[in-house]
Amino acid sequence: MKEKISDIIYDAILKDIVSGVYTPRDFISEAQIAAKYGVSKAPVKEAMHILASEGFLVSYPKRGYMINIYTGEEMNKIQEVRRVLEELAVRKAIASATDEELNALRFYHEESELQYRPGETVNTKFHMGIARLAHNDFLEEALYPLLIKASVYNITGKPDTENFDRIVDAMLSRDAESAVQRLIEDISLT
């Protein structure tokens, strides 16, 4: 099945938001995006409405959209939910993943540009990798927007790949408590 233009535009805008093409003070207009991608305004409008409904953009009628900026308190709430979901993911992955699957989480030691979803950073890719090993599509679906919001807020900063190694090592040892503790250290609060 052919991908809808609005889905392609959604992915492109989200990637631009996460990568910093648009700053929190920039107005983003439907006409601007339509011109940038050479499409009509209808799929752009649809994509931007979805991004606004998901909390990535704020709509300003007759002016455009701006990136939604979360307060420190809101971000802490997002991170609290992440901790719960990711603890579940770690425990399930430890119970079901093979050593080879767990070792594959060390992708960041390679020069890989592969992305799981638009705008995904190394940090997001690592955490989504753990979630995928839990083999629960609903967990992945719930976690992904929280990771992207943390990326937009730039709470993730530069990934701590040494801590990623410690998380993977604990998971390979099937030491859930140590892996969860390392994970909690990795998911910072503001």
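What follows concerns unusual backbone geometry. Of note in this structure, Lys-62 is not a glycine but carries a positive phi near 70°. The residue Lys-62 is located in the loop between β1 (57-60) and β2 (64-67) in this model. Of note, Arg-174 is a non-glycine position whose phi angle comes to about 60°, a positive value. Inspection of the secondary structure assignment puts Arg-174 in the loop between α8 (161-172) and α9 (176-186).

Okay, the packing of aromatic side chains next. The geometry of an aromatic ring pair comes down to the distance between the two centres and the angle between the two planes. The tally for this structure, following the rule as stated, stands at two aromatic pairs. Between the aromatic rings of Phe-126 and Phe-164, the centroid separation amounts to 3.9 Å while the plane-to-plane angle is 5°, which identifies the pairing as stacked. On the criterion of sequence distance, the pair formed by Phe-126 in helix α6 (residues 122-133) and Phe-164 in helix α8 is long-range, its members being 38 residues apart. Note on Phe-126: relative accessible area 0%, which makes it buried. Of note, Lys-149 hangs over the ring of Phe-56, and the distance from its end group to the ring centre comes to 5.5 Å.

Turning to α9, a few remarks are in order. Listed in full, the buried residues belonging to α9 are Ala-176, Ala-179, Val-180, Leu-183 and Asp-186. Buried residues in α9, looked at end-on, bunch into an arc of 115°, giving them a common side.

Here the focus is the pattern of salt bridges. This structure, assessed with the given rule, holds 10 salt bridges. When the shortest N-O distance is used, the salt bridge between Asp-16 and Lys-36 registers 2.8 Å. Of this pair, Asp-16 sits in helix α1 (residues 5-19) while Lys-36 sits in helix α2 (residues 30-37), and the two are 20 residues apart along the sequence. We note a salt bridge from Arg-106 to Asp-165, for which the minimum N-O separation is 3.1 Å.

Okay, the environment of Val-180 next. With respect to the element layout, Val-180 can be found in helix α9. We classify Val-180 as buried; its relative accessible area is 6%. For Val-180, the contacting residues outside a window of four places in its chain are Glu-87, Val-90 and Arg-91.

Parameters and conventions
- Chains are numbered independently. Their residues run from 1 in the order of the written sequence.
- Confidence filtering applies because this is a predicted model: local features only for residues at pLDDT of at least 70, side-chain atom pairs given and counted only at 80 or more, and all residues used for totals across whole chains, interfaces and linings.
- Water and hydrogen atoms play no part in the side-chain values, which are based on all heavy atoms of the structure.
- Here a strand is any run of E in DSSP of at least two residues, a helix any run of H or I of at least four, and the numbering for each starts at the N terminus.
- Pairing of aromatic rings covers Phe, Tyr and the six-membered ring of Trp, with a centre-to-centre limit of 6.5 Å; geometry is then stacked below 30 degrees between planes, edge-to-face above 60, and tilted otherwise.
- Here's how the labels work: a residue is buried when its accessible area is under 20% of the maximum for its type, exposed when over 50%, partly exposed in between, all with a 1.4 Å probe on protein chains only.
- As a reminder, the over-ring test applies to NZ of lysine and CZ of arginine, requiring each to be within 6 Å of the ring centre and within 35 degrees of the ring normal.
- Throughout, the arc means the angular range of directions from the helix axis out to the C-beta atoms.
- The term salt bridge refers to a pairing of a side-chain nitrogen on Lys or Arg with a carboxyl oxygen on Asp or Glu at a separation within 4 Å.
- The contact criterion used throughout is that any non-hydrogen atoms of two residues lie within 4.5 Å.

Taken by themselves, the reported measurements are silent on function.
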